[in-house]
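Take a look at the letters that make up each chain.
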Amino acid sequence: MSDSGQSWDRLNYFNYFTEVEEHFQRTRGSGLFLLSPLDWALIEAWKSSGVPLEAVLRGIDTAFEKWRSKKSRIQAVNSLAYCAQAVLAEAQRMAENNPAPQRTPTEAESFCSLTELSAFLAGNATVIRARGAAFDETASALERLVEELEQHYGNLEALEQRLSVLEEKMLAIARTQQSADDMLAARQELERHLRPYRGKMTTDQLKMLQSQFLDRQLLEKLGLPRLSLFYLR
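Everything numeric in this text was worked out from a predicted model, so none of it was measured.

**With respect to helix α4 (residues 53-69)**
In this model α4 runs 25 Å from its N-terminal to its C-terminal C-alpha over 17 residues, within 8% of the 24 Å that 1.5 Å per residue would give. Among the residues of α4, those classed as buried are Leu53, Glu54, Ala55, Val56, Leu57, Gly59, Ile60, Ala63, Phe64 and Trp67. Each element contacted by the buried residues of α4 is listed here: α2 (16-28), α3 (37-48) and α5 (84-97).

The structure is reproduced here in structure tokens:
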């Protein structure tokens, strides 16, 4: 998890996905609007690169203000990708003007109960073990975390780092199970989603978004869960 100090914002760190989704829906004016796989991959990319939640929310507001100020609005905003440049600008502005806030321990400890966390990890271990012997090591590691959970519960940020490492190892195994046809189909789907927004993102943003999108698609195809605590709620 990069630049973790910035992540502990006035809004709960582990509500990153929910906050972005709900804010985009409210700002767009359509609570029934569903985010696309590309949108979820973009949120994942922002989270992984340490973009503060507040910068994302401000960027969404800025992008919609600009859109609404246009005299001619032929198309509605149908993707978070429309807000990508504004989000990056807000993140840069915050990095230049604001010192990183200190982590507030009570925010982590109040995130969930020990029982909820144990159920999340144990449930993921069960699902992973059912996907075959190739994933037994990951399942066993999660089961050990459940057994030792009391000692990890006081520092959810460190636990998140452990889970990120396990997910990377699980992804590496999952990639070996992809056929060439599977990889081609995933990249073609990515290009269909991404084509309208290529001019709105930097090269680094596009590279990270592509990686997140393909990883999400692979895990979903194999029925493997996300291990991050972001997915607990």
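There's plenty left to go through after this.
**Some points on the nonpolar core**
The biggest cluster of nonpolar side chains holds 40 residues, and the ones touching the most others in it are Tyr16, Phe24 and Leu80. Elements that contribute at least two residues to this core include exactly α2, α3, α4, α5, α11 (180-194) and α12 (203-222). No other element matches the 8 residues that α4 contributes to this core. Aside from chain neighbours lying at most four places away, what touches Phe24 is Phe33, Leu35, Ile60, Phe64, Val77, Ser79, Leu80 and Cys83. Core analysis: the second largest hydrophobic core is formed by 26 residues, Ala139, Leu159, Leu171 and Leu224 among them.

**Description of helix α7 (residues 114-129)**
Its 16 residues give α7 an end-to-end C-alpha distance of 22 Å, which sits within 8% of 22 Å, the value for a rise of 1.5 Å per residue. Buried within α7 we find Leu117, Phe120, Leu121, Asn124, Ala125 and Ile128. Around the axis of α7, the buried residues are gathered within 125° of arc, so they sit on the same side. Exposed residues pointing more than 90 degrees away from the buried face of α7 are listed as Thr115, Ala119 and Thr126. The inward-facing, buried residues of α7 abut α8 (136-147), α9 (149-152) and α10 (156-176).

**Describing the packing of α8 against α10**
It is the contact of α8 with α10, at a shortest axis distance of 10 Å, that shows an interaxial angle of 165°. Between α8 and α10, the crossing angle belongs to the class labelled roughly antiparallel. Considering how the two elements wind past one another, α8 and α10 form a crossing that is left-handed. Taking contact as the criterion, the partners of Glu137, Thr138, Ala141, Leu142 and Leu145 in α8 are, on α10, Leu159, Arg162, Leu163, Leu166, Lys169 and Met170. The class makeup of the residues in the contact of α8 with α10 is 7 nonpolar, 1 polar and 3 charged.

What counts, and where the lines are drawn
Residues numbered from 1 in each chain as written. Predicted model: local features only at pLDDT ≥ 70, side-chain atom pairs only at ≥ 80, totals over all residues. Heavy atoms only, no water. Helix = DSSP H or I, 4+ residues; strand = E, 2+ residues; numbered from the N terminus. Expected span 1.5 Å × (residues − 1). Buried < 20%, exposed > 50% of the residue type's maximum accessible area, 1.4 Å probe, protein only. Contact = heavy atoms within 4.5 Å. Core = buried A, V, L, I, M, F, W, Y, C linked by side-chain atoms within 4.5 Å. Arc of directions from axis to C-beta. Axes fitted to C-alpha atoms, helices over the stretch in contact; angles between N-to-C directions. Parallel < 35°, antiparallel > 145°, perpendicular 65-115°, else oblique. Left-handed = near helix turned anticlockwise from the far one by under 90°. Nonpolar A, V, L, I, M, F, W, Y, C, P; charged D, E, K, R; others polar.

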